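Breakdown of the fold
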Amino acid sequence: RLDAQDVQILNDAEVNVLAPRLVLGESNITPANTDTPTSGGGVIVFEGDEIELAGNLRISGAAETSLVSRGSLIAHGAFDMQARENSAILSSNGNLSLISSVIYPGSLSNITFESTAPDGLIEVAGNGQVAPTVLTAGGSLSFKANSFSK
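About the thresholds
- Residues numbered from 1 in each chain as written.
- Predicted model: local features only at pLDDT ≥ 70, side-chain atom pairs only at ≥ 80, totals over all residues.
- Heavy atoms only, no water.
- Helix = DSSP H or I, 4+ residues; strand = E, 2+ residues; numbered from the N terminus.
- Buried < 20%, exposed > 50% of the residue type's maximum accessible area, 1.4 Å probe, protein only.
- Contact = heavy atoms within 4.5 Å.
- Areas by Shrake-Rupley, 256 points an atom, 1.4 Å probe, with all protein chains shown as cover.
- Lys, Arg positive; Asp, Glu negative; His and termini not counted.
- Charge placed at Lys NZ, Arg CZ, Asp CG, Glu CD.
- Pairing = 2+ DSSP bridges.
- Axes fitted to C-alpha atoms, helices over the stretch in contact; angles between N-to-C directions.

**What about the overall build of the chain?**
A tally of helices and strands in the chain yields 0 helices and 16 strands. A principal-axis box enclosing the C-alpha atoms of the chain has dimensions of 40 × 40 × 30 Å. Counting the 150 residues in the chain, one finds 42% classified as buried. Looking at the chain alone, contacts between residues at least 24 apart form 68% of all its contacts between residues at least 6 apart. Accessible area of the chain: about 7600 Å², with a carbon and sulfur share of 50%. Computing the positive centroid from 7 side-chain charges and the negative centroid from 16, the chain places the two 8 Å apart.

**What about the sheet that holds strand β14 (residues 121-126)?**
Across the sheet, which stays open at both edges, the 6 strands sit in the order β2-β4-β7-β11-β14-β16 with parallel pairing between neighbours. Each edge of the sheet is formed by a strand with only one pairing partner; in this case those strands are β2 (14-18) and β16 (147-149). Neighbour to neighbour, the strand axes of the sheet diverge by 10° on average, direction disregarded. Alignment of β2 against strand β4 (residues 42-48), held across 5 bridges, turns out to be parallel. Within β4, the position partnered with Val17 by the bridge is Phe46.

**Here's the deal with the sheet that holds strand β8 (residues 73-75)**
What the 4 strands build is an open sheet, ordered β3-β5-β8-β12; its pairing is parallel. Every interior strand has two partners, whereas the edge strands, β3 (21-24) and β12 (103-105), have only one. On average, adjacent strands in this sheet sit at an angle of 15° to one another, irrespective of strand direction. Strand direction decides the pairing type here: β8 and β12, joined by 3 bridges, are parallel. Paired with Ala75 across the strands is Pro105, a residue of β12.

Rendered as structure tokens:
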């Protein structure tokens, strides 16, 4: 579990985070860091059998961020009592690749994937596996970037 709201890639490093199951994002309910992630030349890859976005995650210093799931990618965020919703934002100032059999929001969850780079790209791709049956209702996925590829 990476229980943090901010990840900083320094010195254009290449970082690989590998585990059977990855849970990303801050689990405590705190106001989202709305500062724009800083740019950089780093690369970070999160790879696992299942990936879960469980809260806000801002990635700075990475030109490329990839979430590669051999199964599914679920995003449900954390429950905010004041807003009365589950929400999460995965934000990077570089390109963002989401690769899995299916990407889906948890029930009643509002999820945003964004690249704040001026020429930022979000790429969504299948991993070649059959998507599992998903039972979820009332959630939404938003993608914000200069360009989008699927």
